[in-house]
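Here are the chains, one letter per residue:
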Amino acid sequence: MPEERPTMPPVRLRTDAELARDALAAPLLARAVRLARWAEPGKPVASGGVLPEGELRAAIELLGLAGDEDGPEHTAQAWQLAVDTGLVEIDESEEASGAGAAARPDGDGDGDGKGDGDRADGEAPLGDEFSALAISGEELRLITEGGPRDILDIWLDGFETVLADAAAPDLGDIAAQISEGGELDLDAIDWNPEEEAEFLDGVLGNLYLLTALDEEAAAASVPLPALAASMIVPEDMDEPTDDVLEEVSEAMVRLDDQFRLLAPTGLIDYQPVDEALIQEVDGEGRIQEPETAEELEDEDVSRYGMVRLTPLGVYAVRARMIEAGIDAPAVGDLADKGADILLDALPGHPEPAAQAEAEQWLARRTPEEAARELLAAARGDDEDAPLRRLTCQQTLSLVGTEAEPALREVLDDRHLGGLARVWLAEHEVAGVPEPSEAMVFWLTVDTLAAQLATEGDSAELRDLVRGLVDQSGSFFDSAWRVDHPATAEVLEAMGRLHPDKQAAKEARKAAFKARSRA
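Description of the structure in this document. Just so it is clear, the structure is predicted and the values come from calculations on it, not from any experiment. (Residues numbered from 1 in each chain as written. Predicted model: local features only at pLDDT ≥ 70, side-chain atom pairs only at ≥ 80, totals over all residues. Heavy atoms only, no water.)

### Remarks on the overall build of the protein chain
Scanning the protein chain for helices and strands turns up 25 helices and eight strands. Looking at the protein chain as a whole, 43% of its 518 residues are labelled buried. Considering only contacts within the protein chain whose residues lie at least 6 apart along the sequence, 70% involve residues at least 24 apart. Put simply, the protein chain shows about 27,300 Å² of open surface, and 48% of that area lies on carbon and sulfur atoms. (Helix = DSSP H or I, 4+ residues; strand = E, 2+ residues; numbered from the N terminus. Buried < 20%, exposed > 50% of the residue type's maximum accessible area, 1.4 Å probe, protein only. Contact = heavy atoms within 4.5 Å. Areas by Shrake-Rupley, 256 points an atom, 1.4 Å probe, with all protein chains shown as cover.)

Here's what the structure looks like:
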């Protein structure tokens, strides 16, 4: 048998147009686009598309980053993104090399021997400093003339390159090894490419899951210590050991570096760790820990880093999950599916997503058509049928009175007559016949079976059971006769849940009778 695909809860995505606007507004892509337009006439560059020092200075000025101490780094990152995504193309042919040399500021490029390409020390550029020509690529045209999906594809390509950089080892460690004349030893720099990529994917996956399960909570940022701990502290560990806490601290430092790199892509909103809290221990960065619980309570938790996925980030992480073979649905995926698929899926959705999914499904149909399709899908005596009917009833609560004809059609239906009467009563429809006692009991058992399927022995179900028995002292005398596949199971559950010993005993006896009758 094929392995079952992992399934994530559904998320609500913004429209492609909204996401494309977010992508274009992200600092890194916005800078890359400006640099691509700057390069459109052709810019002389070094082999591989590296900007020579003078051109880099010009690019920094163009982006308005001259007064920023990190300006050169931000500019170099934007230029690299432009090259990686095809916004800028590098032509290293002989013809292009000649054009690049001709454009050298110390040659015939501008005629005055002075220009943006001059070296900082006043010396002429080296011979291979202008060995290629950078020009705008096809993707730059798509930025202005393409659709939202084209823009998102370009953004995703750029995000993937930055994500790979974020999972890469520290360049300083690599340079130190190479300068010592040794071969590159990944173990020596404590870096495993697969583990590092998996860890970062896991962190982003946790942020995604939080967004899917609780949209309101996801709107607030997550403290970096809690996020790091969710990846490292075992679930069955009540009190983390010193070694585990040390791992969490190291992970926080690593994530702080990675999130600083990812934030300009628009993937996350990130407030970095206060650098005053970072200390070096044995050559490794560590986060200072509060010495007491009281100090931790008084400490501003935001100083330790705060992060959340943006709507663009949710879109990107979902795209990666789908590519990895994970089932990552989005709200609206079921809008064109049948009612049977909708009713099977909605119980597994978080409540806000379930309502949004139902509303989008209903919007594709007239109220009467939707009601008729839902009711047909809710029939059945199988194990999942009670939950389908409960979900049908909840979905029908979103439908207006135009659905009345479809509800009236099933008033005499054994499976649907009870829920149809509930809907008609809630909509204050006149002329609805009273249900028989048998129908009332059948609907009660059906509803309890559905509640058991979704909640198990919950406190809410316990209260419901107690209320039912208190309202009717002879409930169990009639309940065991109900012709429903789940009657015995429901009565056994009532025996477990009812706090009164005598009532619980009566429920168990009724369950025995129901099984004997079956």
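### Focus: the nonpolar core
By size, the foremost hydrophobic cluster in this structure holds 79 residues, and its most contacted members are Leu87, Trp155, Phe259 and Leu267. Per element, the largest residue contribution to this core is nine residues, and it comes from helix 7 (residues 148-166). Excluding residues within four positions of it along the chain, Trp155 makes contact with Ala23, Ala26, Leu29, Thr265, Gly266, Leu267, Leu312 and Ala316. Residues Leu362, Ala371, Leu396 and Leu416 belong to the second largest nonpolar core, which totals 29 residues. (Core = buried A, V, L, I, M, F, W, Y, C linked by side-chain atoms within 4.5 Å.)

### Quick look at the sheet that holds strand 4 (residues 222-223)
Judged by pairing direction, the sheet is antiparallel, and its three strands sit side by side in the order 4-8-5 without closing on themselves. Of all the strands in the sheet, just strand 4 and strand 5 (268-271) have a single pairing partner and so form its edges. One ladder, built from four bridges, connects strand 5 with strand 8 (residues 306-309); its direction is antiparallel. What sits directly across from Asp269, in strand 8, is Arg308. Helix 12 (residues 242-262) rests against strand 5 and strand 8 of the sheet, and its axis sits at about 130° to strand 5. (Pairing = 2+ DSSP bridges. Axes fitted to C-alpha atoms, helices over the stretch in contact; angles between N-to-C directions.)

### Here we look at the sheet that holds strand 3 (residues 132-136)
Reading across the sheet, the three strands line up as 1-3-2 and stay open at both edges, with antiparallel pairing between neighbours. A strand with exactly one partner marks an edge of an open sheet, and here the two such strands are strand 1 (43-45) and strand 2 (88-91). Strand after strand, the sheet turns through a mean of 35° between neighbouring axes, direction not considered. Here three bridges tie strand 1 to strand 3, and the two strands are oriented antiparallel to one another. Paired with Val45 across the strands is Ala132, a residue of strand 3.

### Topic: the side chain of Thr75
By the element assignment, Thr75 lies in helix 4 (residues 71-85). Thr75 gets classed as buried once you look at its relative accessible area, which sits at 0%. Apart from residues no more than four positions distant in its own chain, Thr75 is found in contact with Leu35, Leu56, Ala59, Ile60, Leu63 and Leu65.

### Brief notes about a positive patch on the surface
Judged by side-chain charge, Arg481, Lys505, Arg508, Lys509, Lys513 and Arg517 come together as a positively charged surface patch. Considering the arrangement of structural elements, one finds Lys509 in helix 25 (residues 501-517). (Patch = residues over 30% accessible without salt bridge, like charges linked within 9 Å, V, L, I, M, F, W, Y side chains within 5 Å. Salt bridge = Lys/Arg side-chain N within 4 Å of Asp/Glu carboxyl O. Lys, Arg positive; Asp, Glu negative; His and termini not counted. Charge placed at Lys NZ, Arg CZ, Asp CG, Glu CD.)

### So, unusual backbone geometry
One non-glycine residue, Glu428, lies in positive phi territory at about 55°. Turning to its location among the elements, Glu428 is positioned in the loop between helix 20 (417-426) and helix 21 (437-455).

### Section: helix 18 (residues 385-396)
End to end, helix 18 covers 16 Å across twelve residues, agreeing with the expected 16 Å (1.5 Å per residue, within 8%). For helix 18, the tally of buried residues reaches ten of twelve residues, placing the bulk of the element in the interior. Looking at helix 18, one finds that the buried residues are Ala385, Pro386, Leu387, Arg388, Arg389, Leu390, Thr391, Cys392, Thr395 and Leu396. Structurally, helix 18 contributes buried residues whose contacts are with helix 15 (339-345), helix 16 (351-363), helix 17 (367-378), helix 19 (404-408), helix 20 and helix 21. (Expected span 1.5 Å × (residues − 1).)

### A short note on the packing of aromatic side chains
Scanning the model with the defined rule gives five aromatic pairs in all. Taken together, a centroid distance of 5.6 Å and an interplanar angle of 5° make the contact between Trp155 and Phe159 stacked. A residue pair is termed a helical-turn pair when its members lie 3 or 4 positions apart in one helix, as Trp155 and Phe159 do in helix 7 at four residues. In this structure, Arg254 is placed above the aromatic ring of Phe199, and the distance from its NZ or CZ to the ring centre is 4.6 Å. Positioned over the ring face of Trp361 is Arg365, at 3.8 Å from the centre of the ring. (Phe/Tyr/Trp six-rings, centres within 6.5 Å; stacked < 30°, edge-to-face > 60°. Lys NZ or Arg CZ within 6 Å of the ring centre and 35° of its normal.)

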